[in-house]
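Structural features, examined
Chain by chain, the residues run as shown.
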Protein chains: 2
Amino acid sequence: MAEKKMVEAITSMEEDFAQWYTDVVKKAELIDYTSVKGCMVIKPAGYAIWELLQKQLDERFKATGVQNVYLPMFIPESLLEKEKDHVEGFAPEVAWVTHGGLQPLQERLCVRPTSETLFCDFYKNDVHSYRDLPKVYNQWCSVVRWEKETRPFLRSREFLWQEGHTVHATAEEAEERTIQMLNVYADFCEEVLAIPVIKGRKTDKEKFAGAVATYTIEALMHDGKALQSGTSHNFGDGFAKAFGIQFTDRDNTLKYAHQTSWGMTTRMIGAIIMVHGDNSGLVLPPKVAPVQIDIVPVQQQKEGVLDKAYELKARLEKRFRVKVDDTDKSPGFKFAEAEMRGFPLRLEIGPRDIEAGKCVLCRRDTGEKLETALEEVEEKAAALLETIHHDMLERARAHRDAHTYTARNYEEFEKLFTEKAGFVRAMWCGDQACEDAIKEKLSVTSRCMPFEQEKIADTCVCCGRPAKKMVYWGRAY
Amino acid sequence: MAEKKMVEAITSMEEDFAQWYTDVVKKAELIDYTSVKGCMVIKPAGYAIWELLQKQLDERFKATGVQNVYLPMFIPESLLEKEKDHVEGFAPEVAWVTHGGLQPLQERLCVRPTSETLFCDFYKNDVHSYRDLPKVYNQWCSVVRWEKETRPFLRSREFLWQEGHTVHATAEEAEERTIQMLNVYADFCEEVLAIPVIKGRKTDKEKFAGAVATYTIEALMHDGKALQSGTSHNFGDGFAKAFGIQFTDRDNTLKYAHQTSWGMTTRMIGAIIMVHGDNSGLVLPPKVAPVQIDIVPVQQQKEGVLDKAYELKARLEKRFRVKVDDTDKSPGFKFAEAEMRGFPLRLEIGPRDIEAGKCVLCRRDTGEKLETALEEVEEKAAALLETIHHDMLERARAHRDAHTYTARNYEEFEKLFTEKAGFVRAMWCGDQACEDAIKEKLSVTSRCMPFEQEKIADTCVCCGRPAKKMVYWGRAY
């Protein structure tokens, strides 16, 4: 009955994708709601995913020379206002601290929604000469944006992220770093999260407040909606001019520095759920699974079964993250729970298996069961985890490709967004008026101008004027 | 001249310890001040120490079953007010958010100064049965306390820390966890930071707002002042009653849970500086040194020198954190800089060394130089780093013991605090009035009632009534 209750509790994704998502988030014990509207508790099962993601992303950062730092969480109002576009973009959605202790503050402070202004204020004193450049700093922290509608992981008033902020001597170097970090994100998504992404540039309408250019990676969720999964911004020397970040170059002249910033957030846990999950719950990519192998003893009250399970754990945990489920729940309940939590491999071992010197490995992603000789279990598990990662990535890619459509004219474009859910590739004239019109009519936004361009048609899908760029359009989270 | 400038810039600790501290913090590039009063930037050299500290402390937590989580940074005012002692302790020093976006909030939110109230609010929904217990959660985050006087690392309006919050079925189990975590902190200080500590219990005057008992580890800084280095609190069932955290026990009755919390902060970086530092700068314990071996090529323009330095780095970085200083600064400047930054070992290699198949290893803590055959460099470095850790710990212990005094009566007590700087052990009657009197007269506070008690005298050092406890007294940061 307990098993049934657990399975019954999930809405199927075909019936109601949004409710399925909420069910998985709750039943897999990733988050809990709180008394603080729009803020969530990230529970152990959710936070452990974040820790694995953070560790592997941080290693990739450091391999490119990134150094971690920590800046204050507060920004004085006058500092936020220094760059005009930036303050316009963020001021409407920040939280304001007006009192410290029992006293009103002389100047109110916002809780950082992002830290460009603080980094600039720091760099203006820290950068003097070309010898001080580049600075390639990053911080892991939480930020606050006072959103009206919130969803666990996808959009919350406070979320965890990393924000990289760099300073360079030349425009070329800044552009190079912007693209380099976008590639770090894209590789990370594919190689660690098994999520394929489209790399491209945001239109001016969609770019970051204060940036010259924003690059993005866009992923397609199972329901056909797009998720912006990481962004990398080139600021040119705009912030440097607003904040006075100047350095003496080799030629002994004073120059403004060029800057970038780039970020990835806890929303990637939402992406993992919506790209890989199924009607039995979460399906975790092996590289960020807090438990990679869940050992479930069968008939565990029989002599030797639990001992064998612990012995296997001791062997396997030298190479993998392993758990033995030795609770007094039934095997069926344990199986359902392991599926809900998305552990990539389940290892079943019972008295008959022990006698035959074997066990059963069961893949979470396909349900496939494989009998394995006990002496080969490490090798088999290692190979299977690699296969699972590969297959998850390819299934996600196939799903995305099957839901990526092409529209040559507005009629096709409208029909696709009425009948299908996915990316639609179509040509654009470069005028924001067309983006506005499309958004108003179809609730669709330009996701990016992909690096890999293709000439689908000669004219803009909206206005019919000559086209400049192929754009990925979609409904976004 | 550059070398001289670097060395000249530090005030000697004998001349002005506070200025020496500030100089080291700045010159070793650990922090920078910001436009946000009382908040600091932790720069790469400082943050890298924190990352190493965090990693090793987190591993020790996880070995005792701790799971990491993340809770919101905001606490609604009504939630903060639920536990009477707690709100009285913290309300005067919190930062208040009163506006979200362009709207005033219906209820103001404080930025967490500590998260007991949020954890309780979470646990009251998460704990139902004895099967749900214990919960042993921890979070790494930043907290805010609106301090008037601030010092880098020691006291700032925002600081980084971890806060563990646990729930247990029984009072005994909660007390056991409280002491267990105090021991984790004490072992961590000695084994990782090379800082010896006194373990004990805080008096009621000094305990945490809302706790039944607060345990502390106290360390002695080089100037004879005490630094509270980690605390572990047993809350009994006080918070559980205020928040309604109840569970059905095995006997089928509803009971209130018992709770603990425990924390350690970035102030430990301040402790490292003030326990181990000297007039040449920082001296880092090898286990938290971001660079353990700094390779300085001598006559690096000569053929083969830099190549040899890189070759040594490639060999050594398999086991250690290593850097080659291949900048165009003079060796003397490089030496001074490495000393300022506190790298435990400097490896000098020049043309003559290469010819002789050897190099020089120089200890930061003693200045001692050791000629080492190149083929033995890994083994020698490993042994030296262990020796350095051991010697740093023993020197700190000897310094503390030499500055720990005993007073049998008020005359001795006053004389010691007038003439000496350090801990003074003296008897206490248990009455807060004596603590208050001592604080007013001598600016001295009770640091702890040590676990290792000794009967120094029969009467209280202050009032002369019968004594109950031996107390460590000191002037504190």
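Here we take up the overall build of chain A. Summing up its helical and strand segments, chain A has 15 helices and 23 strands in all. For 477 residues, the compact-globule estimate of 2.2 N^0.38 gives 23 Å, and the C-alpha radius of gyration of chain A, at 25 Å, lies within 12% of that figure. Summarising its shape, the C-alpha atoms of chain A cover approximately 80 × 55 × 50 Å along the three principal directions. The long-range share in chain A, meaning contacts at least 24 apart out of those at least 6 apart in sequence, stands at 68%.

A few words now on helix α6 (residues 116–126) of chain A. Extensive coverage of α6 of chain A is indicated by the burial of 8 of its 11 residues. Along α6 of chain A, the residues that are buried comprise E116, T117, L118, F119, C120, D121, F122 and Y123 of chain A.

A few words now on helix α9 (residues 267–276) of chain A. Extensive coverage of α9 of chain A is indicated by the burial of 10 of its 10 residues. Of the positions making up α9 of chain A, those classed as buried are R267, M268, I269, G270, A271, I272, I273, M274, V275 and H276 of chain A.

Our next topic: the sheet that holds strand β21 (residues 423–428) of chain B. Residues and elements named next belong to chain B. The mixed open sheet is built from 11 strands, whose spatial order is β3-β7-β8-β14-β11-β10-β9-β22-β23-β21-β20. Where the open sheet ends on each side, the last strands, each with one partner, are β3 (67–68) and β20 (404–406). Pairing between β3 and strand β7 (residues 135–144): 2 bridges, direction parallel. Residue N68 lies in a different strand from β7, and its bridge partner there is N138.

Let's shift gears to the domain arrangement of chain A. Often, the extent of an interface is quoted as the loss of accessible area on bringing the components together. As assigned here, chain A comprises domain 1 (16–276), domain 2 (291–388) and domain 3 (405–474). One C-alpha centre belongs to domain 2 of chain A, the other to domain 3 of chain A, and the line joining them spans 49 Å.

On to the confidence of the model for chain A. Reading predicted coordinates in detail is not appropriate for stretches of low pLDDT. All names here are of chain A. Within chain A, residue pLDDT values average 96, and 98% of them lie at 70 or more. Confidence drops under a pLDDT of 50 for residues 1–5, and excluding neighbours within four residues, the segment shows 5 contacts in the predicted structure. Quick note on the complex model: pTM equals 0.96, ipTM equals 0.96.

All right, on to the relation of the copies chain A and chain B then. What connects the two chain copies is a rotation about an axis and a shift along it. Between the two copies, chain A and chain B, the superposition gives an RMSD of 0.0 Å; the rotation angle is 180° and the shift along the axis is 0.0 Å. The superposition of one copy onto the other is thereby described by a two-fold rotation axis. Scanning chain A for the C-alpha nearest the rotation axis identifies V97 of chain A, at a separation of 2.1 Å. Most of the interface of chain A is mirrored in chain B, where 100% of its interface residues again form contacts.

A separate point is the environment of V461 of chain B. Turning to its location among the elements, V461 of chain B is positioned in the loop between β22 (445–450) and β23 (469–474). The spacing of V461 of chain B and T253 of chain B is 208 residues in sequence and 48 Å in space, taken between C-alpha atoms.

For the rest of this paragraph, the subject is the interface of chain A and chain B. Opposite the 41 residues of chain A that make contact, chain B presents 41 residues. Those elements giving two or more residues to the side of chain A that touches chain B turn out to be β2 (40–42), α3 (44–63), β3 (67–68), β4 (74–76), β5 (95–100), β6 (103–111), α6 and β8 (158–168) of chain A. When residues of the side of chain A that touches chain B are assigned to their parent elements, the largest contribution, 6 residues, is made by β5 of chain A. Looking at the side of chain A that touches chain B residue by residue, the classes come out as 25 nonpolar, 9 polar and 7 charged. Summarising the sheet, β5 of chain A and strand β5 (residues 95–100) of chain B pair through 5 bridges and their orientation is antiparallel. Considered in β5 of chain B, the bridge of W96 of chain A is made with H99 of chain B.

A few words now on the packing of helix α10 (residues 305–316) of chain A against helix α13 (residues 377–402) of chain A. Each packed pair of helices is defined by two parameters, the angle between the axes and the distance between the axes. Residues and elements named next belong to chain A. It is at 10 Å that the axes of α10 and α13 come closest, and there the two elements cross at 60°. Between α10 and α13, the angle is such that the two are oblique. The handedness of the crossing between α10 and α13 comes out as right-handed. Residues L312, R315 and L316 of α10 touch α13, and the partners they reach there are V377, E378 and A381. Residues of the contact of α10 with α13, tallied by class, amount to 4 nonpolar, no polar and 2 charged.

Okay, the sheet that holds β6 of chain A next. Spatial ordering of the open sheet is given by β4(A)-β6(A)-β5(A)-β5(B)-β6(B)-β4(B), a layout of 6 strands whose pairing is antiparallel. A single partner strand is all that each edge strand has here, and the edge strands are β4 of chain A together with β4 (74–76) of chain B. Strand-to-strand, the axes of this sheet are offset by a mean angle of 45°, without reference to chain direction. The pairing of β4 of chain A with β6 of chain A spans 3 bridges and is antiparallel. Of the residues in β6 of chain A, the one forming a bridge with I75 of chain A is C110 of chain A.

Residues and elements named next belong to chain A. Of all the 11 residues making up β8, 9 are buried; the element is thus mostly covered by neighbouring parts of the structure. Pairing of strand β7 (residues 135–144) with β8, which is carried by 10 bridges, proceeds in the antiparallel orientation. In the sheet register, W140 faces β8, and the bridge partner there is Q162. Across 8 bridges, β8 lies against strand β14 (residues 258–265) in antiparallel orientation. Within the sheet, the bridge partner assigned to H165 lies in β14 and is S261.

A separate point is the pairing of strand β14 (residues 258–265) of chain B. Residues and elements named next belong to chain B. For β14, the tally of buried residues reaches 8 of 8 residues, placing the bulk of the element in the interior. What you see with β14 is no split at all: H258, T260, W262 and M264 on one side and Q259, S261, G263 and T265 on the other are buried throughout. Two elements, strand β11 (residues 226–236) and β14, share 5 bridges in a ladder whose sense is antiparallel. Along β14, the bridge assignment pairs G236 with Q259.

So, about the environment of E88 of chain B. Take E88 of chain B: it is sitting in helix α5 (residues 84–90). Spatially, the C-alpha atom of E88 of chain B lies 9.2 Å from that of G210 of chain B, the residues being 122 residues apart in sequence.

Criteria and thresholds
Residues numbered from 1 in each chain as written. Chains lettered and ligands numbered in written order. Predicted model: local features only at pLDDT ≥ 70, side-chain atom pairs only at ≥ 80, totals over all residues. Helix = DSSP H or I, 4+ residues; strand = E, 2+ residues; numbered from the N terminus. Rg over C-alpha atoms; globule rule 2.2 N^0.38 Å. Contact = placed C-beta atoms within 7 Å. Buried ≥ 20, exposed ≤ 12 C-beta atoms within 10 Å, placed from the backbone. Pairing = 2+ DSSP bridges. Domains from an automatic or database assignment. pLDDT = per-residue confidence, 0-100. Least-squares fit on C-alpha atoms with pLDDT ≥ 70 in both. Nonpolar A, V, L, I, M, F, W, Y, C, P; charged D, E, K, R; others polar. Axes fitted to C-alpha atoms, helices over the stretch in contact; angles between N-to-C directions. Parallel < 35°, antiparallel > 145°, perpendicular 65-115°, else oblique. Left-handed = near helix turned anticlockwise from the far one by under 90°.

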